[in-house]
Structures are given as C-alpha cells and as structure tokens.
Amino acid sequence: MKATRKFVAAALAVATMIGMAGCGGGETAQEENPTSIKIWHYEEDNGAQGKAWAKAMEIFEKETGVKVEFEKKSFEQIRQNASQILNSDEAPDVMEYNKGNATAGLLASQGLLSNLNDYVSKYNWDKKVSGSLADTGKYNEQGIMGSGDWYGITNYGEDIVMYYNKDMFDKYGIEIPTTMDELEDAMQKFVDAGVTPLSEGVAEYPLQHLWWQLVLQKASDKFLKAYEMYDGDVDWQGEATTYATKTIKDWVDKGYISKDSTGLKAEDAGQNFIKGSYPMFFSGTWWFGRFQSDMADTNWTFSLFPESKKVVGSSGNIWVIPENSKRKDLAAKFIDITLSEEVQNLMGNSGGLPIAADPDKITDEKTKELITSFNGVLKDNALGFYPDWPTSTFYDELNSSLQELVNGTSDVKTVLGQMEDNYNKGVEAAGVKQQ
C-alpha cells in the first residue's frame, strides 16, 4: 500500500511541473476558465438526494455560469469500476462515492482522490460535518477511516430501518412489532395467512444489512473495533455472528424470507414492498422519499429494528473530487452548494436526512419523525456502520455467502467459515491489520 502511494506521489510530483494545482492541494493541472463541469451520482430522480442535488446543479449553473454535464450512474457501476474510471481521462470532476475503508479509503490510499483539507478550511465544512458523521470523510495513509486527511464530504445521514405496510398489518389483524418476540410472532402470523413477510434482495445489499443488524444485536464494542478498525481479532464463530447467521437460516426455513429472493436485487426488493407484495422491508432511509411519493395511497410506517442497541448506518455517501479532475475549485463550489440551507431544506422536505437544514423549515411530519429518530441514534452514538467496509471485495463475498445460506447449499458453520476466510484474506492483502 505504501509503495503504491510512493509511486503515485512520484507521478504526481511530475504533474506539478505542468501547471498550477487547485485550492484543494491536488497536483493535476487546472483548466483556466472552464465552461463545464462533469458530475456523477447514482440517486433516483424522485428520491430526496436526487431532488436536492438537481436543485444544487441548478443553483450552481446560475451562480457560476458554468454548465453541468450530469451523468446518472448505477450504484453497481461506480462500486465495481471506480478505480479504473478514476485512473482514466473519463473521470468526472465530482462524484458520489461509497464511504468506508474498502471504497473511498482504498482510492484515497492509492492517490486517486483529491485531498480536500484546504477546501474544508475555506468553506468551514467541518462545522457542518462533525462527530461520527465526519468519520467516513477522513482517511489515514492506509485508507482507514476516522482520522487523517479529508477525502470526502457528506451532506446527509442514513441508517437502516424497518418499513411496515400498515394496511397489510391491519388487513390481517397484526400489530406493528416493537420487540424481537413480537417481530417473529408477526412474521409467523403472515406466513400462516399465506404471505411471505420480509421483502428481500439477496443478490445485493438488503440481506447483508439485515445480517449485520442481527450481528449488532449481540456485538460488543470490542468486536466492532476489531471488525471495522482491524484492532484485534474477529471471533467469527462467536455469539454475534453465529446468532445472526442462524437467525437468517431459521427465518428462511420458517418462510419469513423467500428462497426465491437469492436472485433479486435491492431495486427488486424495494419495488416489491412498494407494490404491496410484502408487508415488511428492512433497508435504508434512502428509500424514504421514494416511498412517500410512490406509496402516497398506502398507509406505511417505519421504526428502528426492534431492541437494537446499535443500528446499521453512518453518514450518507460522500462527494469526492477525483485527483484527475481539472476543475477542482468548481467541484468544491458544487459540494458547498449541496450543504446550503436551500438544498438541505429541500432534501429534508423530500424525505431525506439533511445534516444542515433549518428544522423549522421541515414541514412534513413524517420526515420530522425520521430526522428525530436519526438524531436519537447520533445522540446515543449508536451507528454500527456497514458489514462490507473492511475489504474491497467483501461486499460481493458477503452476498455470495448469504446466497448459499438462503438457497441451502451451505450450512451456518460453512458460511461463517467462508466469511472468515474472505475477510482475513482481504485484510491481509490490504496490509491494514494493526499489530
């Protein structure tokens, strides 16, 4: 990793002789009087972030006279191809990227992302992005989050909640659960009525988020520190991971989770909840705005997972400026606009979790409830981050292991062994384990 950084640093040193760098300390020659800026993100147009960032682009063009060339990418496109893209001339000037050690941290350690320290000072971003929300924007030389230099800026928060279709609960005379016993009782009642309760998408993130929430139900702070920060050894056959994996297997066996969900993606799972095919969906607050617009005629509600002491979540994804960008100052200007009160208030009123909105300007009661819930999580220091962050390949590996668990080709012990082996290999390859 350090050798890679030295190689990149040497290459970038040559670039400084070619032209002046932007304010942010990057070494790529900056274009004089640019007329356009290329922006990428993967949010849906009718989601809270999509609406807010469209407004930010509109404001940016009005204030700067510079045209925005926006390209919508899919989550998977950026996740799988970011390294190759940022190493090419096709890189955007600013883009939404996944936070965490194995994503933004990895690219930062490879010299592919611009150091944003100067921009943070210029715009006072650290006054708005602070505490646990700042952890995913700062990375050290090894790409481990939580300390070091700024490489990303978030403008929203997110956590994973349980969404309930209250119309379906009422139809079958079932109460919204508040405890684990009540949750399992409710799921059994739906199964008895011929309804599969949980909408799942095992091919992408939904099931691994549920698995991680179940891990967090039993995990100690020592376990989390070892898992996410490589400080100590992860007990893969211990109580937390065993409980989570056994519970998923049990829920599949009881019909709470369909075996047919192994090939479904996140969008499939969300759409199935929207259509009323399933009464429950455990997923991120990034769905909230879409549910408000797409389920306007449905009585639905949400809550944190029952009896959760830690919850899956963190800051939202981050805006990063690729090191190859020749319009870094304009990119930083755009990021600052996304943190403006106008854009933040729009995000809040569209069902998002803004971090710098005026609470008095949030008019929707359901959104106020969402923001209050998230603020409670922050106050309790209850963010449990995400399970795929430790290694660059763990996202796909977790999905693969959980697919085998759901379709019955691997038992609990075998799945945990696969996870342990993949985790250890990834951490060793990255050279980030603390001695």
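Residues numbered from 1 in each chain as written. Predicted model: local features only at pLDDT ≥ 70, side-chain atom pairs only at ≥ 80, totals over all residues. Heavy atoms only, no water.

By the naming in an unreviewed UniProt entry, the chain goes by Extracellular solute-binding protein and is assigned to Bifidobacterium colobi.

J.: I tried to follow the overall build of the chain on my own but got confused; where do I start?
T.: Within the chain, the regular secondary structure consists of 17 helices and 10 strands. In summary, the chain has a C-alpha radius of gyration of 22 Å against a globular reference of 22 Å for 435 residues, a match within 12%. Along the longest, intermediate and shortest principal axes, the C-alpha atoms of the chain span 70 × 50 × 35 Å. Of all 435 residues assigned to the chain, the portion counted as buried reaches 54%. By element, 46% of the accessible surface of the chain is carried by carbon and sulfur atoms, the whole surface being about 17,800 Å². (Helix = DSSP H or I, 4+ residues; strand = E, 2+ residues; numbered from the N terminus. Rg over C-alpha atoms; globule rule 2.2 N^0.38 Å. Buried < 20%, exposed > 50% of the residue type's maximum accessible area, 1.4 Å probe, protein only. Areas by Shrake-Rupley, 256 points an atom, 1.4 Å probe, with all protein chains shown as cover.)

J.: What is the right way to look at the pairing of strand β1 (residues 36–41) in this model?
T.: Here is the key point about a regular strand: its side chains alternate between the two faces of the sheet. Taking burial as the measure, the six residues of β1 include six buried ones, the bulk of the element. Alternating residues of β1 divide into Ser 36, Lys 38 and Trp 40 and Ile 37, Ile 39 and His 41, and every residue in both groups is buried. This β-α-β element, β1 to helix α2 (residues 48–64) to strand β2 (residues 67–72), shows right-handed connectivity. Pairing analysis gives two bridges linking β1 to strand β3 (residues 94–97), with the strands arranged parallel. If you follow Trp 40 over to β3, its bridge partner there is Met 95. (Right-handed = clockwise from strand over helix to strand, strands pointing away. Pairing = 2+ DSSP bridges.)

J.: Would you mind showing me how to read the domain arrangement of the chain here?
T.: Where the parts come together, the accessible area they lose is often given as the size of the interface. One can read the domain layout of the chain as domain 1 (32–156 + 316–357) and domain 2 (158–314 + 385–430). Taking only C-alpha atoms into account, the centre of domain 1 sits 28 Å from that of domain 2. The interface is formed by 22 residues belonging to domain 1 together with 24 residues belonging to domain 2. Of the roughly 1,800 Å² buried between domain 1 and domain 2, counting both surfaces, carbon and sulfur atoms make up 57%. Put simply, domain 1 and domain 2 have two salt bridges between them. Residue Lys 99 is joined to Glu 158 by a salt bridge in which the shortest nitrogen-to-oxygen separation is 2.3 Å. (Domains from an automatic or database assignment. Contact = heavy atoms within 4.5 Å. Buried area = accessible area lost by both parts, 1.4 Å probe. Salt bridge = Lys/Arg side-chain N within 4 Å of Asp/Glu carboxyl O.)

J.: Can you help me understand helix α8 (residues 205–218) in this one?
T.: Along an α-helix, a turn takes 3.6 residues, which lines up residues three or four apart on a common side. With 14 residues, α8 ought to run about 20 Å at 1.5 Å a step, and its terminal C-alpha atoms sit 21 Å apart, in line with that. Within α8, 13 of the 14 residues are buried, which leaves the element mostly enclosed by the surrounding structure. (Expected span 1.5 Å × (residues − 1).)

J.: I'm lost on the nonpolar core in this one. Help?
T.: Generally speaking, a soluble globular protein has its nonpolar side chains buried in company with each other. Membership of the largest hydrophobic core comes to 75 residues, with the highest contact counts inside it found for Leu 210, Trp 211, Tyr 227, Trp 251 and Met 280. The element best represented in this core is α8, accounting for seven residues. Composition of this core by domain shows at least three residues from each of domain 1 (32–156 + 316–357) and domain 2 (158–314 + 385–430). Apart from the residues within four sequence positions on either side, Trp 251 is in contact with Met 180, Leu 183, Glu 184, Met 187, Leu 198, Leu 210, Leu 214, Tyr 256, Ile 257 and Phe 305. If you look at the next biggest cluster of nonpolar residues, it comprises 59 residues, including Ala 56, Leu 133, Ile 153 and Tyr 156. (Core = buried A, V, L, I, M, F, W, Y, C linked by side-chain atoms within 4.5 Å.)

J.: Got a minute to help me understand the pattern of salt bridges in this structure?
T.: Close approach of charged atoms allows side chains with opposite charge to pair. Taken as a whole, this structure holds 21 salt bridges when the rule is applied. With its nearest N and O atoms 3.9 Å apart, the salt bridge here joins Lys 368 to Glu 365. Note that Lys 368 and Glu 365 are positioned in helix α15 (residues 365–379) at a spacing of three residues, about one turn of the helix. In this structure Lys 368 comes out as partly exposed when scored by relative accessible area, which is 33%.

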